Every structure is written in structure tokens, then in C-alpha cells.
Amino acid sequence: MSRIGRMPIAIPDGVTVTIAENNHVTVTGPKGTLERVLPAEMEIKQEGSEIIVSRPNDLKKMKSLHGLTRTLINNMVIGVTAGYEKTLEVNGVGYRASKSGNKLTLNLGYSHPVEMIDPEGIEAVVDGNKIIVKGIDKEKVGQYASEIRDKRRPEPYKGKGIKYADETIRRKVGKTGKK
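Conventions adopted
- Residues numbered from 1 in each chain as written.
- Predicted model: local features only at pLDDT ≥ 70, side-chain atom pairs only at ≥ 80, totals over all residues.
- Heavy atoms only, no water.
- Pairing = 2+ DSSP bridges.
- Helix = DSSP H or I, 4+ residues; strand = E, 2+ residues; numbered from the N terminus.
- Axes fitted to C-alpha atoms, helices over the stretch in contact; angles between N-to-C directions.
- Buried < 20%, exposed > 50% of the residue type's maximum accessible area, 1.4 Å probe, protein only.

Chemist: Any chance you could break down the sheet that holds strand 4 (residues 32-37) for me, citing the residues and the numbers?
Modeler: On the basis of which strands lie adjacent, the open sheet formed by three strands has the order 2-3-4 and antiparallel pairing. Across the chains shown, the open sheet's two edge strands, defined by having one partner strand only, are strand 2 (16-20) and strand 4. Geometrically, the sheet is characterised by an average inter-axis angle of 15° between neighbouring strands, direction not taken into account. Pairing geometry for strand 2 and strand 3 (residues 24-29), over five bridges, is antiparallel. In the strand pairing of strand 3, Val17 is matched with Val27.

Chemist: Tell me about unusual backbone geometry, and please be specific about residues and values.
Modeler: Of note, the phi angle at Asn22 is positive, near 60°, even though the residue is not glycine. Assignment of secondary structure puts Asn22 in the loop between strand 2 and strand 3. We classify Asn22 as exposed; its relative accessible area is 59%. In this structure, Asn23 takes a positive phi of about 55° despite not being glycine.

Here it is as C-alpha cells:
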């Protein structure tokens, strides 16, 4: 049995979960509403203040979908209650990030500033050399943070670029002169 899949999902106060046909799950909470169509093979039941996901048989595909379905629902519940955030750091001389309205402007050593508009439901906050991406959908927060990082990835010699706050950059030794 899937260890993650068989764990019940606790529904906190103020959160409502609606399970429609074809496993269309809608989670509404204090921060907003998320909806998603989950694999139709899985059986999703609400028992009291818990959600239980069960699978029809022990085929390899069903086993993998079991844990995935449970985790997706759990991420939706956490998203509408606490929300998600990812922190990025801008390192490098002259590398800057600034915010005006919903437009994020990055100066990353290119001949032009890079401008990015926040996707719907996602907010980027600039705090010094840090960019904090916040939202209720874990997938979208991670995707937008990844797109920001891709504008100038950290390089291994000086560590310049945009990196995640919890990321460690493997440094390389530069070339040395002749003796």
C-alpha cells in the first residue's frame, strides 16, 4: 500500500472541499479557491473532516497515481490556508530587481532591463536583493520562480545570477596563470 496515498488529509476549519463527478475537486479556503480534475480511476471520499483516497487495484500505474492524487489534494488544502512562497536571491555587481505595479524589472547585466509581468494569482515582492514569489497554487509559484531564475542562472565561478535562497552553488576554481 502507498504510504503517502493511504494517509488521510485533514481539512482545517474554514476550508470546504467539494468532490464533483470525474473527480473534479474544488477546495475553498480563506486565501482563495483552487480546482483541479484528478485521475478518474482514484476513489476520493470525504469522511467527516478528512479526505481519504483509495485505489481500485494494485497495478503499477494505480500505485503511482494513488500517492500523486493524495499529494495534489493536500497541496491544494495547504495552498488555500497558508499559501506558498519561494525566495530567490539576486547576486552580482549591478544586478538589481525592482517592482512597479505587477511588473517585475530585472537588471541582470544585459543591454536592456528584463521585464516580467506577474501571472494571475501570483505576486512577486522585492526586498533588497531578494525576490519573494507568493501564491496559493504550489505549481504556479514554482513555475514563476523558475522562470525568473532562468533569466540569469547562477554561474559556478563567482556565483553571480539569480538563485533560490536554499540553493547551494557548486563553485569551481578559475584558471591560474603560467609559472
